[in-house]
Amino acid sequence: MTLSLRALNGDATAVQDSEFEWLRSLVQELITPESPEYDEARAIWNGMIDRRPGLIARCQDREQVAHAVRFARDHELLVAVRGGGHNIAGNAVCDGGLVIDLSTMTDVEVDQARGTVRVQPGCTLADVDRETQAHGLAVPLGINSTTGISGLVLGGGFGWLSRQHGMTVDNLLSAEVVTADGQIVRASETENPDLFWGIRGGGGNFGVVTSFELRLHQVGPEVLSGLIVHPFEDAADVLRFYREFASTLPDETVVWVMMRKAPPLPFLPEEWHGREVVVLAAFHGGEIREGEKILEPLRRFGRPIADVIGPHPYTGWQQAVDPLLTPGARNYWKSHDFLELNDAFLDTLIHSAGRLPSSECEIFIAQVGGAINRVAGNATAYPHREAEFIMNVHARWSEPSDDGACTLWARDLFREAAPHATGGVYVNFMPEDERDRMRGAYGPNYERLVTLKTRYDPTNLFRMNQNIEPEGSDGIGPIVTATPVPA
């Protein structure tokens, strides 16, 4: 008996039953297309991704991951690595190849004395927030709690705390990594520092991370946060006021903008449900009374439909947008970085937000800057430290028949906004059809990343990602020997 899997070169390759059983004995579970849980195991957050792996190896510790990597290497298999399965491009699964599934590796260990947390790669942001907030601590993470920690960290990671405490990668202290030859190594400032530099923004190009050690900060458990909702007809005035107000904010305070059709939220009058609105999402990570003074001008401005800013549990605020981003919908994103929000760009946003193709499509503008900007662009693989704002055009819908209209809307706005953007992009916001943007994604760090990829993964085993191709891609070469992690 043989199992047919897809090889790195795209051809089918036969795996003997004895080798298949060898892997079965070394991992938690093997799932094949005949397994009853197969469809559930291959499903990921973005409903547009419908790939059928030839084999899913579910792992529960670093040794099992190393066995699965060696199996993929020895058979030259196409391999994908699944953490939370939230990535927009759908790189957690592949057609015909091997998926290394980390989703059951969900331990979170807080070291309150050292102010650190060790997180396994199957965790979601909610898993991390729950354990760290039990001690009044937090890591700067993203804004959707169902996001997987692995993809977030490896791409950079930013959210409500980032202006105050930096990006997620700026708070990464060390990581355990299974490299392309199946070795388990530690990466930190003092151990394999080149690899440590690369995994802080370089995605899953250099190995499979089986553990992250992150710095913690005092946060909450209650913070000042909430939404102000304005009529869309006031968008021009609201956005111009927002631009000036945002420029005055201290690092502890951040305001993001969302433009969309109003969902049926309980605090919105029913007559506004389904109508276009401008939403200001505000957060203050410092003392609540101080935050109330800082946000007072924002709350006084205009004629808002609703203002629900107030003290909230930090974990609750981290989950505030979850109902709008549930798994299974069809999603397509386009993104740009910006130094400023000039009038022409704001007019472009308003025009596009006035023709949303579905009730779930939205445009958001994330305010970054602050502590993010004070890190040198070459200090980590993530290079775009100069950006003050990041736009994500988030097309989201339910029916395949709407694919064309929704993706066209996102691409049109992306194209129209490009003259005002920096040319940079956050890799975690790149869909699968944007591989031509890799140089823009990494800017001056790109060549160093190619050198690093060539050293650690010369055959491009880890290619199901926003891929940095090694020199002589698909050639056979030596794998670097790095410092092993003690048993």
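Look up a bit, the structure's there.
Here we summarise the structure given alongside this text. Everything numeric here is computed off the predicted structure, so don't read it as measured data.

Here we come to the overall build of the protein. Counting its secondary structure elements, the protein contains 14 helices and 21 strands. For 487 residues, the compact-globule formula gives about 23 Å, and the C-alpha radius of gyration of the protein, at 22 Å, lands near that figure. Referenced to the eigenvectors of the C-alpha coordinate spread, the extents of the protein come out at roughly 70 × 55 × 40 Å. Residue burial in the protein is summarised as follows: out of 487 residues, 60% are buried. Contacts in the protein between residues far apart in sequence, at least 24 positions, make up 72% of those at least 6 positions apart. Carbon and sulfur atoms form 50% of the exposed surface of the protein, whose accessible area is close to 18,300 Å². Taking the average location of the 42 positive side-chain charges in the protein and that of its 67 negative ones, the two points are 2 Å from each other.

Relative to the helices and strands, T179 is located in the loop between β10 (172-178) and β11 (184-188). With residues near it in sequence (within four places) discarded, T179 still touches V69, V185, F206, G207, Y456 and F462.

Before going further, it helps to examine the packing of aromatic side chains. Following the criterion strictly, the structure yields 18 aromatic pairs and no others. Plain terms: the ring middles of W160 and W256 are 4.7 Å apart, the flat faces sit at 40 degrees to each other, and that makes the pair tilted. Here W160, found in the loop between α5 (149-155) and α6 (162-165), pairs with W256, found in strand β15 (residues 253-261); they are 96 residues apart in sequence, far enough to count as distant. W256 sits in the buried class, given a relative accessible area of 4%.

Moving on, we come to helix α12 (residues 403-417). The terminal C-alpha atoms of α12, which comprises 15 residues, lie 21 Å apart, in line with the 21 Å expected from a rise of 1.5 Å per residue. The complete set of buried residues in α12 reads D403, C406, T407, W409, A410, D412, L413, F414 and A417. Buried residues along α12 sit against β19 (330-338), α11 (343-353), β20 (362-367) and β21 (389-397).

The next thing to look at is the sheet that holds strand β7 (residues 108-111). With respect to topology, 5 strands assemble into an open sheet ordered β7-β8-β12-β10-β11, the strand pairing being antiparallel. Looking at which strands have only one partner, the edges of the open sheet turn out to be β7 and β11. Between one strand axis and the next, the sheet turns by 15 degrees as a mean value, whatever way the strands run. One ladder, built from 5 bridges, connects β10 with β11; its direction is antiparallel. Its bridge partner lying in β11, S174 is registered against S188. The strands that helix α4 (residues 125-133) touches are β7 and β8 (116-119); relative to β7, the one it contacts most, it runs at about 30 degrees.

This brings us to the side chain of S335. In this fold, S335 is placed in strand β19. Taking relative accessible area as the criterion, S335 reaches 0% and is therefore assigned buried. At 2.7 Å, the side chain of S335 and the backbone oxygen of M391 are in polar contact. Residues in contact with S335, not counting those within four places in the same chain, are I390, M391, N392, F414, V425, F429 and R437.

All right, on to the packing of α11 against α12 then. Close contact between α11 and α12 brings their axes to 10 Å; oriented N to C, the two are set at 170 degrees. The orientation of α11 relative to α12 falls into the category roughly antiparallel. α11 and α12 meet at a crossing whose hand is right-handed. Between α11 and α12, the contacting residues are F345, T348, L349, H351 and S352 on the first element and W409, L413, E416 and A417 on the second. For the contact of α11 with α12, a count of residues per class yields 5 nonpolar, 3 polar and 1 charged.

Quick look at the pattern of salt bridges now. The final tally for this structure, using the stated rule, is 39 salt bridges. Residues R24 and E21 are paired through a salt bridge, measuring 3.2 Å at the closest nitrogen-oxygen approach. Placement of the pair is R24 and E21 together in helix α1 (residues 17-24), with a separation of 3 residues, close to one helical turn. Taking the relative accessible area as the measure of exposure, E21 reaches 34% and is therefore partly exposed. The closest approach of N and O atoms between D457 and K453, which form a salt bridge, is 2.8 Å. One exposure class covers both D457 and K453, and it is buried. Put simply, R62, E63, E176, R186 and E191 are held in one network by salt bridges that share partners.

Definitions and cut-offs
Residues numbered from 1 in each chain as written. Predicted model: local features only at pLDDT ≥ 70, side-chain atom pairs only at ≥ 80, totals over all residues. Heavy atoms only, no water. Helix = DSSP H or I, 4+ residues; strand = E, 2+ residues; numbered from the N terminus. Rg over C-alpha atoms; globule rule 2.2 N^0.38 Å. Buried < 20%, exposed > 50% of the residue type's maximum accessible area, 1.4 Å probe, protein only. Contact = heavy atoms within 4.5 Å. Areas by Shrake-Rupley, 256 points an atom, 1.4 Å probe, with all protein chains shown as cover. Lys, Arg positive; Asp, Glu negative; His and termini not counted. Charge placed at Lys NZ, Arg CZ, Asp CG, Glu CD. Phe/Tyr/Trp six-rings, centres within 6.5 Å; stacked < 30°, edge-to-face > 60°. Expected span 1.5 Å × (residues − 1). Pairing = 2+ DSSP bridges. Axes fitted to C-alpha atoms, helices over the stretch in contact; angles between N-to-C directions. Polar contact = N/O pair within 3.5 Å; in protein donor to acceptor, adjacent residues only side chain to side chain. Parallel < 35°, antiparallel > 145°, perpendicular 65-115°, else oblique. Left-handed = near helix turned anticlockwise from the far one by under 90°. Nonpolar A, V, L, I, M, F, W, Y, C, P; charged D, E, K, R; others polar. Salt bridge = Lys/Arg side-chain N within 4 Å of Asp/Glu carboxyl O.

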